Structures are given as C-alpha cells and as structure tokens.
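Structural overview for review
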Amino acid sequence: MCMRGHRHCPQECFPVTSGDENARRAAYMSLFNTVRNTIVPVHKEGYPFIAAFFVASLILGWIFKPLFWIGLILTLWCAYFFRDPERMTPQDDDLVISPADGKVSSVQLVVPPAELNLGSSPMLRISVFMNVFNCHVNRAPMRGRIVSVNYRSGSFVNAELDKASEDNERNGLVIETAHGQIGVVQIAGLVARRILCWANANEPLDAGERFGLIRFGSRLDVFLPEGAQPRVTLGQTAIAGETVLAEFGSAKGPVVSRRA
C-alpha cells in the first residue's frame, strides 16, 4: 500500500521519469559542462580594461547605436586577451618549458643583455613572439630560485624584429636552476606599453608558475647555458607552461622539422 492509501500505487504517486526526460537532462548537463569548460578565467589585471571598454561601448552606443556593437566586440576581444587558462606543465628539471603563448621567432646563439650579468659568451636564445590574440600571461620556464629582476627602459619597435632584444623596454629575470643560471626577458612590443612582473629576487619558482604579464603584443626571450638542445623550430606555435622549448642532458641534437 502506498503512502496515499492506494493498494496498487498509481503512476501519479511516484512519477516515473521517462527515457526522453533522462535524455533531455543528459543533453542539458552536457551543454552546461561544455560551456563551463570552454569559458576561460580572466586575469584580474584585465578587469579595469574590460570595464573601460564596456563603458566606452555604452557611451558610443548612446551617440550612434551601431557603435555599441563595435564596442561590444572590442570588449569581448579584451576579455579574450586577458584570459588566464590552466596549463599542465611537465615537472622535469631537464626540460625548458615555453614561458609564453605564441610563435617561435628565433633559435640562435646570442650574447645575453648586459643587465642580466650572464657573461659575454653567446647563449642559446629561444624567442616566442606574442601577437594581440595570444594569451599574455608569462610562466617560469624552469624550476629554480630567482637571482635578480632587472628592468630597463627603452623604445617600442616591433617585438618580432631581432633588434627589439636590445632597443625595447624590457624586464629580465635570472633564475638559478639545476643546470645553472638562465635568463628570461619580457620585451615590450609595438603596441605594448606595460610590462608586469610580480616575482621578486630570492623567491622560488616552479616550472609553469605565473610570474608576469605584458599588455598588448610582445615577446619573451629565454637564454640557456651550454648543454641545452632546442626542441622547437622557427615558426612553431608554443603554448605557455606546456610546450618544451629545449632539453638538458640529452644526446639527441636539435629538432628537425618539415612543413606539411
């Protein structure tokens, strides 16, 4: 007997969920999970810019309605620019992980900037150029301790040009690692006007840990001591915190690639 006094409980006492209803619920949950996994968190440094873009959109829309939609598109781009996704970083002291999203624009032996105090001998430099659509959060390429943080003012030429390493505004970190000292240089670009670095000397860093951000187009240079073998080639797309740029202690030579 059911709780309502019926000898044989009718369907309305304990409604039975149909197969169609279960399918609908599963579809809704799948859609919800897809949207949740697609939406990437925004770094807090981007909030003032997103708010400013949106307010400007409202003002422009009040003046001329179609301008609101243009402003809204720019606001969405600004939120996309300041995205800060989670990354799965390999934890191996022999690996050098990309500190930035972007295109590998240089793999060559170059004398490091004087302010890094890494000597006058050429070191392997791997550069990653970030355009205005790349994620601009910067991550540590190796585990170690920060020896120094060195800021240098400069110009704002195109960061993809080689001379940007010498002429542009930049901020360099020297990190003591298991394979010696490495240099990581944040370089402002043609549009970038602000380099942010929240890491300080004598602090530890894990590989893949966030240490800074550059606003609106820029470049990251990594200077590596002898023994590092490149694992990327020119033009390759790098993902911060995931792509292996170089490797120590390997008998294998540089990577050879071909354009498909």
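Higher on the page you've got the structure.
Notes on the structure follow. (Residues numbered from 1 in each chain as written. Predicted model: local features only at pLDDT ≥ 70, side-chain atom pairs only at ≥ 80, totals over all residues. Heavy atoms only, no water.)

1. Comments concerning the sheet that holds strand β8 (residues 195–197)
Here three strands make up an open sheet; going across it, the order is β4-β10-β8 and the pairing antiparallel. In the strand order of this sheet, the two ends are held by β4 (137–139) and β8, each with one partner. Recorded for the sheet is a direction-independent mean angle of 25° between the axes of neighbouring strands. (Pairing = 2+ DSSP bridges. Helix = DSSP H or I, 4+ residues; strand = E, 2+ residues; numbered from the N terminus. Axes fitted to C-alpha atoms, helices over the stretch in contact; angles between N-to-C directions.)

2. Thoughts on the nonpolar core
A general feature of soluble globular proteins is that nonpolar side chains tend to end up buried together. Residues Val96, Ile126, Leu205, Phe211, Leu220, Leu224 and Leu245 are the most contacted members of the largest nonpolar core, which totals 29 residues. Elements represented by at least two residues in this core include exactly β3 (123–130), β6 (170–177), β7 (180–188), β10 (210–214), β11 (218–224) and β14 (244–248). For this core, the element with the highest residue contribution is β3, accounting for four residues. With near-sequence residues (within four places) excluded, Leu205 lies in contact with Ala140, Met142, Arg143, Gly144, Ile146, Leu173, Ile175 and Phe211. Formed by eight residues, the second largest nonpolar core is a distinct cluster that contains Leu118, Val174, Ile187 and Phe223. (Core = buried A, V, L, I, M, F, W, Y, C linked by side-chain atoms within 4.5 Å. Buried < 20%, exposed > 50% of the residue type's maximum accessible area, 1.4 Å probe, protein only. Contact = heavy atoms within 4.5 Å.)

3. Describing the sheet that holds β11
The sheet built from eight strands is open, its strands ordered β9-β5-β6-β7-β11-β3-β2-β13 with antiparallel pairing. Across the chains shown, the open sheet's two edge strands, defined by having one partner strand only, are β9 (204–205) and β13 (237–238).

4. With respect to the pairing of strand β2 (residues 102–110)
In regular strands, side chains alternate between the two faces of the sheet. Note that β2 and β13 share two bridges and pair antiparallel. Bridging from a neighbouring strand, Lys103 pairs with Thr237 of β13. Bridge count for β2 against β3 is seven bridges, and the pairing is antiparallel. For Ser106, the partnering residue across the bridge sits in β3 and is Ser127.

5. Topic: the environment of Val222
Note that Val222 resides in strand β11. Measuring from C-alpha to C-alpha, the distance between Val222 and Leu173 comes to 9.6 Å, with 49 residues separating the pair along the chain. Ignoring any residue separated from it by four or fewer positions in sequence, one finds Val222 in contact with Val96, Pro99, Leu124, Arg125, Ile126, Gly183 and Leu245.

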